[in-house]
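Reading the structure
The primary structure of each chain is shown beneath.
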Amino acid sequence: MARLEFEKIQPTVGNSFRLYHATDEESCRVYWHHHPEYEIVYIPAGKGRRQIGRHLSRYEDGELVFIGPNIPHLNFAYGQSSDFEEFVIQLREDFLGKEFLKNVEMESIQLLFEKSKRGLAFGRDTKRKVGEKIQQMPTQTGFERMMTLLWVLHEMALAVDVELLHSEANSPDVPPKETERLRRIYSFVETHFQTEINPHDVAETVNLSLPAFCRYFKKMTHQTFTEFVNDYRINHARVMLLQNINVAEVAYECGFNNLSHFNRTFRKLTHQSPGEYRRQFSTALYPLS
């Protein structure tokens, strides 16, 4: 299994939740990952691999799933062809305020959120009905999008063609209480990855000594901090390479002050040179084994 990565999610400007519509090229981001947000994934057509927590199966004729917080899951774009398409909605339970779901009118949706902690996959009827609405959301105004999301949640809450992917609430690989500390570490790397990063500075941001920080980070992510930073830089480089930017410029923009070091690190993590990746990016994914 590939390394578990923490994905930092921020709502789109002017919205209380995040919505994006992506194709395969746009989906070159983290693969086996987790985040504290709830996630709805709608795939209009096609078949592929579904790996959510301990559940492993395949989906046919598109997909509609609702995934609870901190459940590790595989990016649905993994191994797909260039015509792959997905709509993803990511939100927190309190995206409309801490008390909103406690209203009696929201009882069914509150139960839906609770069930999603076991992972939910929906059948053909709900997939068709809900999918039509989700496909409209990217072109809607903020208010219309919010109303559509509430409708979507209501329909999923009432659906009878739904499968629970786990027999009990799935225990996340990373305890929820630790996600804020990891978020702060991730934010530091996101801000400083283009320059040299001193681990002492990162340790100070989470109030740990350097030895304690190194032990903590290794325990929580199964990576050393250096490995994590290199992964982050190379993921950023992958996106830049698809924009036909000069390889040397990509290396320096991603925090490598030595082109040879960049090339070695890129090949170690992707099993391709930057040039090979640029030519064959559609298959340039981290191996799962």
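Residues numbered from 1 in each chain as written. Predicted model: local features only at pLDDT ≥ 70, side-chain atom pairs only at ≥ 80, totals over all residues. Heavy atoms only, no water.

**Considerations on the overall build of the chain**
- Each helix and strand in the chain was counted, giving 10 helices and 11 strands.
- Considering the chain as a whole, with its 289 residues, one finds that 50% of them fall into the buried category.
- Contacts in the chain between residues far apart in sequence, at least 24 positions, make up 71% of those at least 6 positions apart.
- Per element, the accessible surface of the chain, about 14,500 Å² overall, is 49% carbon and sulfur. (Helix = DSSP H or I, 4+ residues; strand = E, 2+ residues; numbered from the N terminus. Buried < 20%, exposed > 50% of the residue type's maximum accessible area, 1.4 Å probe, protein only. Contact = heavy atoms within 4.5 Å. Areas by Shrake-Rupley, 256 points an atom, 1.4 Å probe, with all protein chains shown as cover.)

**Regarding unusual backbone geometry**
- The backbone of Asp61 shows a phi angle near 55°, a positive value even though the residue is not glycine.
- Phi at Asn70 takes a positive value of approximately 65°, unusual for a residue other than glycine.
- Counting through the fold element by element, Asn70 comes out in the loop between β7 (63-67) and β8 (73-74).

**Some remarks on the sheet that holds β7**
- Ordered in space as β2-β9-β4-β7-β10-β11, the 6 strands form an open sheet in which the pairing is antiparallel. Edge positions in the sheet fall to β2 (18-23) and β11 (162-164), since each of these pairs with one other strand and no more. When strand polarity is set aside, the average angle formed by the axes of neighbouring strands in this sheet is 15°.
- Sheet contacts for helix α1 (residues 107-115): β4 (38-43), β7, β9 (85-91), β10 (120-122) and β11; angle to β10, the most-contacted strand, approximately 115°. (Pairing = 2+ DSSP bridges. Axes fitted to C-alpha atoms, helices over the stretch in contact; angles between N-to-C directions.)

**Quick word on the pattern of salt bridges**
- Considering all chains together, one arrives at 6 salt bridges under this definition.
- For Glu37, the salt bridge is made with Arg92, and the minimal N-O distance between the two is 3.4 Å. With Glu37 in the loop between β3 (32-34) and β4 and Arg92 in the loop between β9 and α1, this residue pair connects regions lying 55 residues apart in the sequence.
- Classification of Arg92 by relative accessible area gives partly exposed; the value is 36%. (Salt bridge = Lys/Arg side-chain N within 4 Å of Asp/Glu carboxyl O.)

**A short note on the packing of aromatic side chains**
- If you walk through the whole model with that rule in mind, you get 13 aromatic pairs.
- Geometrically, the ring pair formed by Phe66 and Phe113 is edge-to-face, given 5.6 Å between the ring centres and 85° between the ring planes. Placement of Phe66 in strand β7 and of Phe113 in helix α1 is noted, with a sequence separation of 47 residues between them. For the pair formed by Phe66 and Phe113, the shared burial category is buried.
- Ring centres 5.4 Å apart and planes at 65° place the aromatic pair Phe213 and Phe225 in the edge-to-face group. (Phe/Tyr/Trp six-rings, centres within 6.5 Å; stacked < 30°, edge-to-face > 60°.)

**Looking at the nonpolar core**
- Among the nonpolar cores identified, the biggest contains 28 residues, and Ile40, Phe66, Ile134, Leu153 and Met156 are the most heavily contacted of them.
- It is helix α3 (residues 142-158) that contributes the most residues to this core, 6 residues altogether.
- When residues no more than four places from it in sequence are discounted, the contact partners of Ile134 are Ile40, Tyr42, Leu64, Phe87, Ile89 and Val152.
- Ala203, Phe217, Phe225 and Phe228 belong to the second-largest nonpolar core, a separate cluster that totals 18 residues. (Core = buried A, V, L, I, M, F, W, Y, C linked by side-chain atoms within 4.5 Å.)

**Focus on helix α9 (residues 259-270)**
- Taking 1.5 Å of rise per residue, 12 residues should cover 16 Å, and α9 covers 16 Å from first to last C-alpha, within 8% of that figure.
- Those residues of α9 lying buried are Phe262, Thr265, Phe266, Leu269 and Thr270. Buried residues along α9 cover an arc of 105° about the axis, so they all sit on one side. For α9, exposure combined with an orientation more than 90 degrees from the buried face picks out Arg264 and Lys268.
- Those residues of α9 hidden inside the fold are in contact with α7 (225-241), α8 (247-253) and α10 (274-279). (Expected span 1.5 Å × (residues − 1). Arc of directions from axis to C-beta.)

**A short note on the pairing of β4**
- Judged by how many residues are buried, β4 sits mostly within the fold: 6 of 6 residues are covered.
- Side chains of β4 alternate between two faces, with Tyr38, Ile40 and Tyr42 and Glu39, Val41 and Ile43 buried alike.
- Two elements, β4 and β9, share 5 bridges in a ladder whose sense is antiparallel. Bridging across to β9, Tyr42 finds its partner in Phe87.
- As defined by bridge partners, β4 adjoins β7 across 5 bridges and the pair is classed as antiparallel. Note on β7: the bridge partner recorded for Ile40 is Phe66.

**Observations concerning the side chain of His73**
- Along the chain, His73 turns up in strand β8.
- The buried category is assigned to His73, whose relative accessible area is 1%.
- Engagement of the side chain of His73 in a polar contact is seen with the side chain of Glu39, the distance being 3.1 Å.
- Of the polar contacts made by the side chain of His73, one reaches the backbone oxygen of Ile71; its length is 2.8 Å. (Polar contact = N/O pair within 3.5 Å; in protein donor to acceptor, adjacent residues only side chain to side chain.)

**Description of the confidence of the model for the chain**
- In the predicted model, the chain carries a mean pLDDT of 82, and the fraction of residues at 70 or more is 82%.
- Taken together, the stretch residues 282-289 has pLDDT below 50 and engages in 22 contacts with residues farther than four places along the chain or on a different chain. (pLDDT = per-residue confidence, 0-100.)

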